[in-house]
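Residues per chain, in single letters:
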Amino acid sequence: MPRNSRYDILFEPVKIGPVTAKNRFYQVPHCNGMGNRYPHAIAASRGVKAEGGWAAIATEECEIHPTSDVSPFMEARLWDKSDMDRLALSVDAIHEYGALAAVELAHCGHQAGNRYSRLPLMGVSDMMTGSYDPVQAYAVSKRDISALRKMHVDAAIRARDIGFDIIYCYAGHDLSLAHHFISRRHNRRTDEYGGSLENRVRFLREILEATVEAVGDQCAVALRFAVDELIGEEGTVAAEEGKDIVEMLADIPDLWDVNVSDWSNDSLTARFGEEGAQEKYTAFVKRVTSKPVVGVGRFTSPDTMVSQIKRGILDLIGAARPSIADPFLPKKIEEGRLEDIRECIGCNICASSDMVIQPLRCTQNPTTAEEYRRGWHPERIAVKHKDEHVMIVGAGPAGLEAALSLGRRGYQVTVADAGKQAGGRVLNESKLPGLSTWRRVVDYRLGQIEKLANVDIHLESALDAEQVLEFSKMLGIDRLVIATGARWRRDGIGRTHFKPVLQDSDMRTLTPDDLFENYSPGERVVIYDDDYYYLASVVAEKLCAAGAHVTIVTPAPEVAAWTKNTLEQRHIETRLFDLGVTIITKHVIENACAESVQVNRLNSDHKLQIACDQCILITSRQAQHQLFFDLDAMPDRTAAAGLTHITRIGDCLAPSTIAAAVYEGHRYAQEYEQENDLHRIPFKRENIELAP
Ligand code: ADP
Ligand code: SF4
């Protein structure tokens, strides 16, 4: 189908200094957990985005020198010539489809860590580092500043020689030295680099001008700048210094890439920010500069994108997460296939990959970071090897993804689910406060399955082993996939309890699953969170809205501790505080009896009794694998029914994130013909070459 003409504007070319973007879709720098360690993997990922229609594709932050060594985090690296070949793989992959390659050169100053290079940390002032490390950074001297300028220029020249089209100077996220120079709270200098705004901007101006002079004839020079740090007068405020800085540097860079700082504000999850949430901060930039402006906002709707351009907010639609969730977003808009867009749900599982130092993962796109090592592609999958009929029991994220991908391969697929609607845990969880976008995981898959004549879904069909055997015979099923999910444990067994928690009948002890079925909240509810992810906090929000007084008890040192990795922890803590939720950290539940819960402080004899009328245990989940074991126990009968394989996938095998369930469903479909051989390494590795 041809694209709707109202989206034509998105496909206009944009001149950026000496280079031209073929359209307005611009993948801004984003971390990917692969960096310099997996250069083929990241190159293949970027190549797929170029194929998907993005006009420009940027690296993540790229260390320019061993004094800016952020290891063990996996970022790009360009310390010297020996790093060039690795980045060249990405540049070539991007150029293959006519996209521009951008590199975000960065010196992270006191935030670097230098854990591998072991060099002293350079800072704008004498200061503590951003981590808990017992080390400090030293204030750079004037001689250091000129060395830093040269580091930027040398790295820019190397980047140009690799073939990059756009070269960044980075002053954002509170992660770059240029940003630290600008910052009133970090910069305590008394020389010409400190004090007045003009002085604090001097370092950024110098590296920007030096970069333009060194490579500006061939490459566009972009400035990534956080116009607001959202911490008031302590930091940059868009309406004040943010605007003044853009005015001071207005036409020096060829491209302004603007956002808010820090990363947790820039990459807000859907729970804390709508599509386009940064507009109120960045909208002024285009009025101040004549150069093109790119900005982000988790844009997945082409109408919103058009509106950003037409209203003069942005020239280029910046995207990190939407490009991960759907590398073919531009192509799909171009081809008028809006219903095929796999919209980002704003969960930040992708960001967590960088935080825990692993290759990128995405809830919506299971193929991300698997393009090279497993040969997966977000839009293409190998056709079936032979005619077979697969039955999938369970239509949660694992079952639906397996059904969709097997269906696309051409297999006959029959799905049975006990529920009135398909979707499994996503159906329930997306009804919790702030999680409505998570429905997209189900909606996208159901929408795509609807187009496949070879996939049938049967709802309100709870199956036991006998029924599975009966249907298998009747329908001629060859293989059975069990994707029956998991349920929260009622006994409290989890990280801190290896035996059931003592409970008595005077206390209503509940699990999150109970909350989705005819539940009425108590007046005083204790949530025991041994899970550490989002669920306890969203349940608390729901209960507060219903008028309950909520206490969250957790053994972790802070509430929703794992959400630090999804950049949500501090937003969650603030919200819970505003709602009046009592938070008790570093305590373990002892019992839930007689209208109270007893909790013990970790590493002490201190005990606390909390009066309540309900206790919700969020500890661990029990895989619902009974059907699997029932069938596994009758090999003769399953063989007689024609079943050659019975496999469990997703939460019914090992309960995990929704992203993991989608991934496992996809992996099943991709590896359908392969024997499940645990002795075989199932992907291509990138081994480090030993120098001769
Ligand atoms: P996952 O995350 O692994 O996809 P979910 O818990 O989200 O798992 O989904 C599991 C789905 O399986 C639910 O929709 C549930 O209704 C369905 N289910 C569980 N047991 C059966 C069964 N015996 N027969 C049919 N459907 C089942
Ligand atoms: Fe979007 Fe979540 Fe995928 Fe990140 S992991 S790109 S937030 S869907």
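Okay, so let's go over this structure. All values reported here derive from a predicted model rather than from experimental measurement. (Residues numbered from 1 in each chain as written. Chains lettered and ligands numbered in written order. Predicted model: local features only at pLDDT ≥ 70, side-chain atom pairs only at ≥ 80, totals over all residues. Heavy atoms only, no water.)

So, the overall build of the protein chain
Under the convention used in this document: Helical segments are the DSSP runs of H or I of at least four residues, strand segments are the runs of E of at least two, and each set is numbered from the N terminus. When we talk radius of gyration, it's over C-alpha atoms, and the globule rule is simply 2.2 Å times the number of residues to the 0.38. Working definition: with a 1.4 Å probe on protein chains only, accessible area under 20% of the residue-type maximum means buried, over 50% means exposed, and in between means partly exposed. The criterion used for residue contact is that any of the two residues' heavy atoms lie within 4.5 Å. In short, Shrake-Rupley with a 1.4 Å probe defines the accessible areas, and a residue's cover is counted only from the protein chains shown.
Each helix and strand in the protein chain was counted, giving 22 helices and 30 strands. In terms of overall size, the protein chain behaves like a compact globule, its C-alpha atoms giving a radius of gyration of 27 Å where 692 residues would be expected to give roughly 26 Å. Per-residue burial over the protein chain gives 60% buried out of 692 residues. The long-range fraction of contacts in the protein chain, counting pairs at least 24 apart against all pairs at least 6 apart in sequence, stands at 73%. Put simply, the protein chain shows about 27,800 Å² of open surface, and 50% of that area lies on carbon and sulfur atoms.

Focus: the site of ligand 2
The condition is simple: Proximity is defined per residue: any heavy atom of the residue falling within 4 Å of a molecule or strand makes that residue near it. Note on residue categories: nonpolar means Ala, Val, Leu, Ile, Met, Phe, Trp, Tyr, Cys or Pro, charged means Asp, Glu, Lys or Arg, and polar means any other residue, Gly included.
Neighbouring ligand 2 are 13 residues; Cys-344, Cys-347, Asn-348, Cys-350 and Cys-362 lie closest to it. Among the secondary structure elements, those contributing two or more residues to the shell around ligand 2 are α11 (321-325) and α13 (349-355). Classifying every residue of the shell around ligand 2 by side-chain character gives 8 nonpolar, 4 polar and 1 charged.

So, the site of ligand 1
Using the following cut-off: Two N or O atoms form a polar contact when they lie within 3.5 Å of each other; inside protein one atom must be a possible hydrogen donor and the other a possible acceptor, and for residues adjacent in sequence the pair counts only when both atoms belong to side chains. Buried and open spaces are told apart on a 1 Å grid over the protein atoms alone, a cavity being a set of points where a 1.4 Å probe fits but cannot get out and a pocket being an open set with protein on both sides within 12 Å along at least five of seven lines. Residues with an atom within 4 Å of a point are the lining residues. Any molecule with more than half of its atoms within 2 Å of a cavity's or pocket's grid points is counted as sitting in it.
The environment of ligand 1 is made up of 22 residues, and the closest members are Ala-398, Asp-417, Arg-425, Leu-463 and Asp-651. Pro-397 is positioned with one of its backbone polar atoms (N or O) 3.1 Å from an oxygen atom of ligand 1. At 2.7 Å, a side-chain N or O of Asp-651 approaches an oxygen atom of ligand 1. A molecule is said to occupy a pocket when more than half its atoms come within 2 Å of that pocket's grid points, and by this definition ligand 1 occupies the second largest pocket. The residue inventory of the shell around ligand 1, partitioned by class, reads 11 nonpolar, 8 polar and 3 charged.

Description of the packing of aromatic side chains
Selection rule: Ring pairs are drawn from Phe, Tyr and Trp, using the six-membered ring of Trp, whenever the two centres fall within 6.5 Å, and their geometry is named by plane angle: stacked under 30 degrees, edge-to-face over 60, tilted for the rest. Placement of a charge over a ring requires the Lys NZ or Arg CZ to be within 6 Å of the ring centre, with the centre-to-atom vector within 35 degrees of the ring normal.
Tallied over the full model, the rule gives 13 aromatic pairs. Judged by centre distance (6.0 Å) and plane angle (70 degrees), the rings of Phe-181 and Tyr-193 are edge-to-face. Taken as a pair, Phe-181 in helix α4 (residues 177-182) and Tyr-193 in the loop between α4 and α5 (197-215) lie far apart in primary sequence, 12 residues in all. The class of Phe-181 is buried, set by a relative accessible area of 0%. For Tyr-193, a relative accessible area of 5% corresponds to the buried category. Taken together, the ring pairs in this structure connect Trp-438, Tyr-533, Tyr-534 and Trp-562 into an aromatic cluster. The residue whose ring lies beneath Arg-373 is Phe-683, and the NZ or CZ to ring-centre distance is 4.1 Å.

A word on a negative patch on the surface
Just so we agree on the cut-off: Here, patches come from residues exposed beyond 30% relative accessible area and free of salt bridges, joined within 9 Å for like charges and within 5 Å for nonpolar side chains (Val, Leu, Ile, Met, Phe, Trp, Tyr). Salt bridges are counted wherever a side-chain nitrogen of Lys or Arg sits within 4 Å of a carboxyl oxygen of Asp or Glu. Charged residues are defined narrowly, with Lys and Arg counted positive, Asp and Glu counted negative, and His plus the chain ends left uncounted. Charge placement uses NZ in Lys and CZ in Arg. For Asp and Glu, CG and CD serve respectively.
Together, Asp-506, Glu-523, Glu-595 and Asp-613 line one region of the surface with negative charge. With respect to the secondary-structure elements, Glu-523 resides in the loop between β21 (508-510) and β22 (524-529).

Looking at the layout of surface pockets
Inclusion rule: Grid points are joined across faces, edges and corners, and a volume is the space filled by probe spheres set on the points.
Space inside the second largest pocket adds up to approximately 1,000 Å³. Along the walls of the second largest pocket sit 44 residues, with Asp-417, Gly-424, Arg-425, Thr-484 and Arg-487 positioned nearest its centre. If you list the elements that add at least two residues to the lining of the second largest pocket, you get α14 (397-409), α15 (425-429), β19 (486-488) and α20 (626-632). In terms of residues, the lining of the second largest pocket owes the most to one element, α15, which gives 4 residues. Its residues placed into classes, the lining of the second largest pocket shows 19 nonpolar, 14 polar and 11 charged.

A closer look at the environment of Ile-341
Position of Ile-341 relative to the elements: it lies in the loop between α12 (329-334) and α13. Judged by its relative accessible area of 9%, Ile-341 is buried. Remark: the alpha-carbon pair of Ile-341 and Leu-329, spanning 12 residues in sequence, is separated by 6.1 Å. Once residues lying within four places of it in the same chain are set aside, the contact partners of Ile-341 are Thr-300, Asp-326, Leu-329, Lys-332, Ile-333 and Tyr-444.

Things to note about the pattern of salt bridges
Applying the stated rule across the entire model yields 55 salt bridges. Taking the shortest distance from any N to any O, the salt bridge between Arg-185 and Glu-229 comes out at 2.9 Å. One end of the pair, Arg-185, is in the loop between α4 and α5; the other, Glu-229, is in the loop between β11 (220-228) and α6 (238-249), with 44 residues separating them in the sequence. Taking the relative accessible area as the measure of exposure, Glu-229 reaches 3% and is therefore buried. The closest approach of N and O atoms between Glu-388 and Lys-386, which form a salt bridge, is 3.5 Å. When its relative accessible area of 10% is taken as the criterion, Glu-388 is described as buried. Where salt bridges share partners, they join Glu-370, Arg-373, Arg-374, Glu-664, Arg-667 and Glu-671 into one cluster.

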